[in-house]
Amino acid sequence: MDDNQSADHGWAHDPAHPGAGYDTVVLGGGAAGLSGALTLARARRRVLVLDAGRPRNAPATGVYGLLTRDGVPPAELVTLGAAEVRRYGGTVLPLAATTARPDPGGFTVTDAGGGRHTARRLLLTTGLLDELPDVPGLRRHWGRDVLHCPYCHGWEVRDRAIGVLATGPRAVHQALLFRQWSTDVTLFTHTAPDPTDEQREQLAARGVTVVDGEVDGEVVEVEARGDGRLAGVRLASGRWYARRALVVTPRMVAGGDLVTGLGLRPVEHPLGLGEHVEADASGRTPVDGVWAAGNVVDLTAKVVVAAAAGVTAAAAINADLVAEDTRAAVQRRRAGPGSEPASTPASGPTPTPTPAPAPPPRRDSRMDEQFTAAFWDDRYRSTTRVWSGRPNPWLVTEVADLPPGTAWDAGCGEGADAVWLADRGWRVTATDVSAVALDRAADHAGAQLAGRVTWRLVDLAGWVPDGPTYDLVSAHFLHFREPVRVPLYAGLAASVAPGGTLLVVGHDHADLETSVHRHGEPDMFFTAAELAAALDPARWEIVVAESRPRVAPDPDGQEVTVHDVVLRARRRR
C-alpha cells in the first residue's frame, strides 16, 4: 500500500480540492522549467512537466559558461534535469502541451498525446522562437557558425574571421563585443541604419572593418572531413567575403497558442529584441495562478539565469499554495469535524477491477478485522484520500535507474506507485484487497495510463504465485503476522522473473518507540537481514538490505524521524 503520509502538502490529497491532479503543471522542460519542477518536487508538491524535447539551443554543440557543466550537450542537460525531477517524485512527460485554459479554481492542460491534466498553478517556461534575418542558409548554420551570443559561443569562434550581419541598432555593439574574441571582425551594414560618425570612429579604433551594402546570401563550402561549414557571405553586388562565423540578431518571439489561450498578451521588449511575457520579479504574470520564467520573460537570459528564474518562480508558487492551503485548513478547523466535502466522482466510466481467482484464504487464526477487505473499504470511504498521492520515496530511489518492463505493485492502495511506474514506461499489474482503493487508483491513473496498468482485486493473505513473471515486484508496508508473512514474501520472490528485481519496504521495529502510529504487535515487523536470509544466495544477489531514516509527521503534526526497512534484490539469470 502507499504509506506516504497524508499531511497537507497539495491539492492531490487536500479534501478542499479533491479533483485536482497536480499542484503545478510546468509548460516547457528546459533549464527554467526543470529547475522550477525540481524545486517544487523537493517541496513535496505534485508536479508535472510537459515538454516536446525540442529546446531552443538544440542546434548548439554545447551549453557553455554553465558552472560544472560547461560544454554539456543541450539534450544531455535536459535528460539529466528530468532524471533529477523524477528522483523526487515529479513527472516529466515527453509531450508538448497543446492547450492550457483557466478553470474554476485551477487550470486544465491537454497534451499532444490527448492526455488531460488539472492543476492549481501553472509555470510557463515555453521559451521563445528565433526569427532569423531573411538571408538564405542562415537557419542551416544556426547554433554552429551562425550565432548571436558572444558569452555563449565567443570562445568557440575565437581567432576566426567573424562577420556581423547588421539588421538593427545593436549591430555595432555586437561587433565591438566580438572584437574581444577575434582581431578579424567585419561589420556588414546590410539592412541596419548606417553607423554614426562616432560609431565608425569606434569601430575603426578597434580594427573592425565596415562593409556597406546588402548581403544577398552566404555560400557553403564542403570541407575535407565532409562537414558543411560556413565559408563566407556575398553582397547583392556579387562581391564575396570569406568568413568562418557570422553573427546575427534574431527577433525573439515568446508567444503562441498556449500563451494567448491563458489570456496573456506578449508585449514588445524594451530593448527592441522582440516580444516577451511580462512578469514581476517572482515570475508572477497578470493572469492569476500563472507564473513565467526563462526566455519567455527574459529574452536575453543565459541558461544559468533561466534556471535561477525557474527556482525563484517555483518558490513563489509554493508560498502561494502554502497560503491557500493554510486558509483552507483554518476554514475546516472553524467548521468543525465532519465538514470536509465528499469526494467528487471523476467524469467518465471508472475501470472495474477484475477479481483474480484465489484458493481459500490461509489466514492465521489470530488475524483480526484490520486486514479484511471490509476494514480497508471502510477506511478508504471515510476520507477523500488516505495516502499522499505521491510515490513511495524508496521506490523512486531504487527503481529510477531500472529499464522499464513488467511490474507488480502488491498492495497498491490508491495507486501512486503504479501510476509513477506507468508514467515511466512500465506495464503494471496493481493489486489490492480494497475495491474502493482500486476505483480511486484507476481515477488517479486517468485515461492516458489506462492501457499501462491492470487493476486486480486480490487478498494477498490467501494468494498463491503465478510463477516467475515480473521484471519488478514491489511491496511497500505490507505487514502481516509471521504465519501469513513468511509464505507471502516467499510468493513475492517467486514471482520475480530471472534478471528481475524484488523491492520490499517496511516499518522498522524502532518506530514502535516513536509517536507515529504503528501497529503494536512486534511479530508484524521484520528486518532487512531477515528478508535477505530467506533468499537463496545461489539465486539472488542482495543489492540493498538496510534500515533508512526519513522524516514523517506524527498524528499531532510534529515531524519525527522514522526508519524504513529496505530490501532490494536481483534474481540471477
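Starting afresh in each chain, residues are numbered from 1 along the sequence in its written order. Under the rules for a predicted model, residues below a pLDDT of 70 receive no local features and side-chain atom pairs below 80 are neither given nor counted, while totals for whole chains, interfaces and linings still include all residues. The basis for every side-chain value is the complete set of heavy atoms in the structure, and neither hydrogens nor water enter the calculation.

Asker: Explain the pattern of salt bridges to me, please; I cannot follow it from the model alone.
Answerer: Two side chains carrying opposite charge are able to pair once their charged atoms lie near each other. We count a salt bridge whenever a side-chain nitrogen from Lys or Arg sits within 4 Å of a carboxyl oxygen from Asp or Glu. As enumerated under the stated definition, the model contains 22 salt bridges in all. In this structure, E414 and R440 form a salt bridge, with 2.8 Å as the shortest nitrogen-oxygen distance. Taken together, the residues E414 in the loop between β21 (406-410) and α11 (416-423) and R440 in helix α12 (residues 435-445) connect sequence positions 26 residues apart. Of the two residues, E414 and R440, both sit in the buried class. Helix and strand definitions here come from DSSP, where helices need a minimum of 4 consecutive H or I residues and strands a minimum of 2 consecutive E residues; each element is numbered from the N-terminal end. Exposed residues in this analysis have more than 50% of their type's maximum accessible area, buried residues have under 20%, and partly exposed residues fall in between, with area computed by a 1.4 Å probe over protein chains only.

Asker: Would you mind showing me how to read the sheet that holds strand β11 (residues 209-211) here?
Answerer: Note on sheets: strands pair through backbone hydrogen bonds, and any given pair is parallel or antiparallel. Paired strands are those between which DSSP finds at least two bridges. Within the open sheet, the 5 strands sit side by side as β8-β15-β9-β10-β11. Their pairing is parallel. The open sheet is flanked by β8 (146-147) and β11, the only strands paired with a single partner. Direction of pairing for strand β9 (residues 162-165) relative to strand β10 (residues 185-188): parallel, over a ladder of 4 bridges. When the bridges of β10 are listed, G163 appears paired with T186. Note on contacts: a residue pair is in contact if any heavy atoms of the two residues lie within 4.5 Å. Between N-to-C directions, angles cover 0 to 180 degrees, with each direction set by a line fitted to C-alpha atoms, over the stretch in contact for helices. Across the sheet, helix α5 (residues 171-178) is in contact with β8, β9, β10 and β15 (245-247); its angle to β10 comes to roughly 170°.

Asker: Help me understand helix α1 (residues 31-42), please; the structure alone is not making it clear to me.
Answerer: Any helix carries an expected span of 1.5 Å times its number of residues minus one. An ideal rise of 1.5 Å per residue puts 16 Å on 12 residues; α1 measures up with 16 Å between its terminal C-alpha atoms. What α1 keeps buried is the set A32, G33, L34, S35, G36, A37, L40 and A41. Along its buried surface, α1 packs onto β1 (22-27), β2 (47-50), α2 (74-87), β6 (116-124) and α8 (303-335). Looking at the residues trailing α1, positive phi occurs at R44, about 70°.

Asker: Would you explain the packing of helix α9 (residues 373-381) against α12 in this entry?
Answerer: Two numbers describe how α9 lies on α12: the axes approach to 7 Å, and their chain directions differ by 45°. Classed by the angle they form, the pair α9 and α12 counts as oblique. Touching D377, Y380 and R381 of α9 are A435, V436, A437 and R440, all from α12. Classifying every residue of the contact of α9 with α12 gives 4 nonpolar, no polar and 3 charged. Roughly parallel covers angles under 35 degrees, roughly antiparallel covers those over 145, roughly perpendicular covers 65 to 115, and oblique covers all other angles. Gly falls in the polar group here, along with every residue not listed as nonpolar (Ala, Val, Leu, Ile, Met, Phe, Trp, Tyr, Cys, Pro) or charged (Asp, Glu, Lys, Arg).

Asker: So what exactly am I meant to see when it comes to the sheet that holds strand β17 (residues 267-268) here?
Answerer: Pairing in this open sheet of 4 strands is mixed, and the strands run β7-β16-β18-β17 from one edge to the other. Two strands in the sheet have a free side with no partner beyond their single neighbour: β7 (129-131) and β17. Across 3 bridges, β7 lies against strand β16 (residues 251-253) in antiparallel orientation. Counterpart to D130 in the pairing with β16 is M252.

Everything listed here is a matter of coordinates, which is why it stays silent on function.
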